[in-house]
Amino acid sequence: MIKQSIISAAIASSLLLTGCQTTNHSSNKVQPQITPATVVTTPVDFGGEKITLEQAMAHPDWLGRSPQSAFWAADSNTVVFKQKQEGTDLKDTFIVANNSAPVPVTLAELHSIGADNAIYSDNAKHQAYTFKGNIFVKAISSGEIKQLTFSSESASQLKFLLTGDIAYRVGNTFYTVNVNTGQSKELVKLHLDDAPKGTLEPKGYIAQEQHNLIQYVALQHKNSKDKEQRLEQLKQQNTTIANSHFYLGKDKYLVSASLSPAGDKLIVVTANNADWRAATDIMPNYVSQNGDIDPVKARRRVAQAQATSSDVLLLDLARNNQVTLSYNSLPGFDEDVLAAVKAENAKALGETYKAVKAPRAINLISDWGWDQSAIQWNQSGTEVAVMLEAWDNKDRWIATVDFDADKFVPQHRLHDDAWVNYTYNDFGWLNNSDTLYYLSEESGYSHIYIKPLSGKSKQLTSGNYVVSHLTLSKDDSAIYFKANIEHPGLYEIYRVDPNTGVKETLTDLNGMTDYSLSPDESKLLLNHSKIMMPNELYVADAKTNAQVTRLTNTVSDAFLNKKLIAPKIVAVPSSHTEQPVYAKVYYPADYVEGEVGKKRKAVIFNHGAGYLQNSHMGWSGYFREFMFHSLLASEGYVVMDMDYRASKGYGRDWRTAIYRQMGKPEIEDLADGVKWMAEHANVDTNAVGTYGGSYGGFMTFMALFTQPDLFQAGAALRPVTDWAYYNTPYTSNILNHPDVDPIAYRRSSPIYHAEGLKNDLLINAPMIDDNVFFQDVVRLVQRLIELEKQDFETAIYPVEPHGFVQPSSWLDEYRRIYKLFKENL
C-alpha cells in the first residue's frame, strides 16, 4: 500500500515549471512579459494498479471526498469546511482550529460556527451571519453568541450600519436590529403595486349629486377622509409607528435592492413582471415517480427572448421620496451598436438597413461567478456605484449617483464589439477614499484599475495574464487577487498596493490555487490542487515567502494506488493566431520520444462550456475523463485535451474569436492539434478520433460535419445542435439574437452542416437534460435520416440530466465511446 504522505511529498517536489522566467514583483516598473514554457513537466506517474473503465466511471466517493465550502471563522484561527458523507449526498461540517486535526461539528452546534458570507462591524468587535434564516451575532473576543431573530422567515442582506445596528431584509421589507438590546425596527417596506389612492372625491354628475342629495353618503365619505387624515397625523407625530412605505408599481418584480450604510437611502431595481417561459416550454420525463409522463417545465430558448430593461430607483427614506434614474447620461445609451450586423443580414435578404439611434435596453450586470452585488456603497454611505450592462451585450457601465440632481454620473464604459465578458466584473470602493476599483478587459486581459470620482483611471496590473477574485484590505494598502502570471495554466495568489502599484507574490504552490483572506487579514486559507491530485486545504501567513501548512488529507489510498499517466502541458503552434494553443497530452505508457516505426492512434477531447479552461496545472472537473485518457494512453493511444480558442484564461481576443462563427476557430485549432501529434508524437493522421460533451459535443459535430477528413470517428455527448434552441444569457453573447443575426446561427449550428458527415458518429443524449434539451438530438437525428446518412448511432439515457448522476450511465456512455475508437481507429 502506497502511503499518502510519501506520494504527496513526491508530487509536491516533482511539480515544476521549465523554461519560465521569474517575475520581478519588487517594484512598480513595467514588468517583462512572461514567455510560457513550450512544454510543462508534470508529476511522475504513480501507483501500480491499472485503472479500469468500471473503476473510472464509478461513484467518485472512491477517490476520496475533498473538502468543500471552506471559510474562516471569526477568530481568524479556525477554518470551517464541509465533507460529503460516503454513499450519500449528505455533508458533515468540520472545524480545524490552530492547524490541529479536523473536528466534526454536531448538528446542535452548527449555528455557532459563522458563515462564509458573515459580516463584521467597523470596530471589528462583532461578526453577524444567518443560520437557517435567523440572525446571529458573535462577540469576536469572547465568542459569545446572541440569536437576534427566531422566525420561520428568512433574513438576508445583512449589513452593519454606521449606528452599529444590523440591517437585514425579509421578503421586500428592510429592518434594523440593535445588537445590544435585540430590538428590531421596520425601516422600509417595498410594495410591488401602485400607491393606494385613498378616499376619492366623487366624479361625474350622478356621483356628485348623490353626495349632495343623500346625507348618509356624504357622512360616510367625510368619516373615511377624517380617518385617513388622523392616521396620517398619527404617523407623523408618533415615532413608535413604522411609516416608510414605497410603492414600486403594479406588474413589477424586484430585481435587487441595496441599503445605504447610513440607512437613509435605498437603491431599488425593478423590471416588468412577465413569464420567462411559454406554456410549450416543457421537458417530458418518461421515468417519473408515478409512472406517468411528467411534463417538467423548462427554460425558454434564445429564439423566444424579447428585449427587457430595468428601472433603477433612488429611494430617499428620510424625505420619503423616490425617483427613477435615467440612463440618458450613460455614453452610448442610444447607439445602434449592431448596425453593421443588421446591415449584413439585411443585405443577405436583398434589403438595406439604415442605422437608427434609440435608447437601448439596460439592466444590472449579471456576473456568473459573483458573490457580490452590482450595487456598491462606499463606507460612509455618501456614494453609490452601480454596474450596468446593455441587453445586446456590447456595453458595461459603472455609474455613480448624484443625490442632489437625482441622476447617474458615468464613471467607466467598457465597450466590446463582440461581447462584454460575464466574468471578471469585480468592483467596489476603497475603504478610506471615494475611489473606485474594478476589473476590466479593455487592455485585452482582465486587470485591476482604480478611479477617483473626479479623476482619471489608473491601471494597477498589466501583462498577458488574467486577474480575478479581488479582496481589498481594510486600510487600502493591498488588493489581493488570483492570476496566471507565470503560465496560463498555473494560478497563484498575489497582492498589489493601490497607491504604489507594487505587486507581491504570496504563493508558489505550482497548481491551481484559490484563497480567502482571514477576517484579521493575517492569514490566507488556500484551496489548492495539482494536475494529479484533488484539492486540499492549506493555510499560510498573508505575506511573501510564508510557510504553507496543510490542513486536510482526504485523497484515498485506492486512488493513489492506481497507475495513472500524468499529462504534459504543451504549447501547440497555431496556424491562425500568434498565440499557441495550450493542450494536455497523455503519452502512451510505452512511448519513447522520437520513436519511429508503427504509427500511433490518437484521440482529441473537447472540453465543455466553450469558455472554460482545462489545460491547467490543477485538478480537473473532468476527473472521469482524466482517468479514461490515462486508460487509453496505457493502451497505446496519444490523447490530447486542447484549450481551443474561446477557452478561459487566455484573454479577450482568445475568448471572442468565436463571435458569430462558433465551431470554426475551434476546429481549426483541433486541426493544428492533429498536425502537432503527427509531427511530435508519431500519430497516424488517419487514425484520430474526437469526443466531448455539451460544447464539446457541439464541436464534435462541427468537426465531423465541416472537416469530415480530420477525424475518423467522433462521439458527441449531450450536444448542442441548433443554437437557436439554447438559452439566452450564453448564446446571445456570442451570436447576438436570432431575429437580429440569423446568419450567425446558420453559420454556427451543426444542423445546417449535417450533410458533411462521412465517418462514424456516436450521439449520446440524456432525456431530462434541462440545459441542452433532448430535442436538440431528436431534430438532428431526423435531419441525418432525411439526408440518408448511415454511419451514426444514438444512445439515450432516460433518467439523466445534463451532468450524469448514475455510475451505470457513465459506464454505459464510456463503454460506447471506447468501443467506437477501438473499432474505427
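Residues numbered from 1 in each chain as written. Predicted model: local features only at pLDDT ≥ 70, side-chain atom pairs only at ≥ 80, totals over all residues. Heavy atoms only, no water.

Visitor: So what's going on with unusual backbone geometry? Residues and values would help.
Guide: The phi dihedral of D406 is positive, around 55°, even though this residue is not glycine. According to the relative accessible area criterion, D406 is partly exposed, its value standing at 23%. (Buried < 20%, exposed > 50% of the residue type's maximum accessible area, 1.4 Å probe, protein only.)

Visitor: Describe in detail the packing of aromatic side chains, supporting the description with residues and values.
Guide: Taken as a whole and judged by the stated rule, the model has 36 aromatic pairs. When the ring of F628 is compared with that of Y814, the centres are 5.0 Å apart and the planes differ by 80°; the resulting orientation is edge-to-face. Note that F628 is positioned in helix α7 (residues 623-634) and Y814 in helix α14 (residues 807-824), a separation of 186 residues in sequence. For the pair formed by F628 and Y814, the shared burial category is buried. Aromatic pair Y644 and Y695: ring centres 6.1 Å apart, planes at 10°, arrangement stacked. On the criterion of sequence distance, the pair formed by Y644 in the loop between β43 (638-642) and α8 (652-656) and Y695 in helix α10 (residues 695-706) is long-range, its members being 51 residues apart. For the pair shown, Y644 and Y695 are each scored as buried. In this arrangement the basic side chain of R299 is found over the ring face of F773, its NZ or CZ atom lying 4.1 Å from the centre. (Phe/Tyr/Trp six-rings, centres within 6.5 Å; stacked < 30°, edge-to-face > 60°. Helix = DSSP H or I, 4+ residues; strand = E, 2+ residues; numbered from the N terminus. Lys NZ or Arg CZ within 6 Å of the ring centre and 35° of its normal.)

Visitor: I'd like a rundown of the sheet that holds strand β17 (residues 265-272), residues and numbers included.
Guide: With respect to topology, four strands assemble into an open sheet ordered β16-β17-β20-β21, the strand pairing being antiparallel. Each end of this open sheet is capped by a strand with a single partner; those strands are β16 (252-259) and β21 (321-325). On average, each strand axis in the sheet is tilted by 25° relative to the strand beside it, whichever way the strands run. (Pairing = 2+ DSSP bridges. Axes fitted to C-alpha atoms, helices over the stretch in contact; angles between N-to-C directions.)

Visitor: How would you sum up the nonpolar core? Please name residues and give values.
Guide: F559, Y691, W723 and L761 are the most contacted members of the largest nonpolar core, which totals 135 residues. With eight residues, α10 is the single largest residue contributor to this core. With near-sequence residues (within four places) excluded, L761 lies in contact with T700, F701, L704, F705, G714, A716, L784, D791, F792 and E793. (Core = buried A, V, L, I, M, F, W, Y, C linked by side-chain atoms within 4.5 Å. Contact = heavy atoms within 4.5 Å.)

Visitor: Any chance you could break down the environment of Y650 for me, citing the residues and the numbers?
Guide: Assignment of secondary structure puts Y650 in the loop between β43 and α8. Distance from Y650 to P488, taken between C-alpha atoms, is 6.7 Å for residues 162 residues apart in sequence. Leave out the neighbours within four places in its chain, and Y650 touches Y445, P488, Q579, Y582, Q613, S615 and D643. A distance of 3.4 Å separates the side chain of Y650 from the side chain of Q613, its partner in a polar contact. For Y650, the side chain forms a polar contact with the side chain of D643, separated by 2.6 Å. (Polar contact = N/O pair within 3.5 Å; in protein donor to acceptor, adjacent residues only side chain to side chain.)

Visitor: Tell me about the pairing of strand β46 (residues 760-766), residues and numbers included.
Guide: The buried fraction of β46 is high, at six of seven residues. As judged from the five bridges shared by strand β45 (residues 713-717) and β46, these two strands associate in the parallel manner. Its bridge partner being in β46, L717 is matched across the sheet by N764. Pairing between β46 and strand β47 (residues 792-797): six bridges, direction parallel. Its bridge partner being in β47, P766 is matched across the sheet by Y797. Chirality of the crossover, the property in question, places the unit of β46, helix α13 (residues 774-786) and β47 among those that are right-handed. (Right-handed = clockwise from strand over helix to strand, strands pointing away.)

Visitor: An account of the sheet that holds strand β7 (residues 119-120) is requested, with residue identities and associated values reported.
Guide: Pairing is antiparallel across the open sheet formed by four strands, whose spatial order is β7-β8-β9-β10. Each of the sheet's edge strands pairs with one partner strand only, and the pair in question is β7 and β10 (145-147). Looking at chain direction, strand β9 (residues 134-139) and β10 are connected through three bridges and run antiparallel. Looking at the pairing, F136 lines up with Q147 of β10.

Visitor: So what's going on with the pattern of salt bridges? Which residues, and what values?
Guide: For the structure on display, the rule yields 36 salt bridges. With a shortest N-O distance of 2.7 Å, K225 and E201 are connected by a salt bridge. Of this pair, K225 sits in helix α4 (residues 215-237) while E201 sits in the loop between β14 (184-191) and α3 (205-213); the two residues are 24 residues apart in sequence, bridging distant segments of the chain. As a salt-bridge pair, D392 and R360 come within 2.9 Å of each other at their nearest N and O atoms. Here D392 is found in the loop between β24 (384-390) and β25 (395-402), whereas its partner R360 is found in the loop between α5 (339-348) and β22 (362-364), with 32 residues between them in sequence. Here the two residues D392 and R360 agree in accessibility, since each one is buried. (Salt bridge = Lys/Arg side-chain N within 4 Å of Asp/Glu carboxyl O.)

Visitor: Mind laying out the side chain of T700, listing which residues take part and the relevant values?
Guide: Relative to the helices and strands, T700 is located in helix α10. Residue contacts for T700: discarding those within four places in its chain leaves N606, T690, Y691, G692, G714, A715, A716 and L761.

Visitor: How would you explain α7 if you had to name every residue and give the values?
Guide: Since the α-helix advances by 3.6 residues per turn, residues separated by three or four positions end up pointing in the same direction. In a regular helix each residue adds 1.5 Å, so twelve residues correspond to 16 Å; α7 covers 17 Å between its end C-alpha atoms and thus fits that length. Most of α7 is tucked away: eleven of the twelve residues are buried. Of the residues making up α7, those classed as buried are F623, R624, E625, F626, M627, F628, H629, S630, L631, L632 and A633. G636 sits one or two residues past α7 and shows a positive phi near 105°. (Expected span 1.5 Å × (residues − 1).)

Visitor: Could you give an account of the confidence of the model for the protein chain, with specific residues and numbers?
Guide: On average, residues of the protein chain score 92 in pLDDT, and 94% of them are at 70 or above. When the criterion is pLDDT under 50, residues 1-36 qualifies, and its contacts beyond four places in sequence or with other chains add up to 73 contacts. (pLDDT = per-residue confidence, 0-100.)

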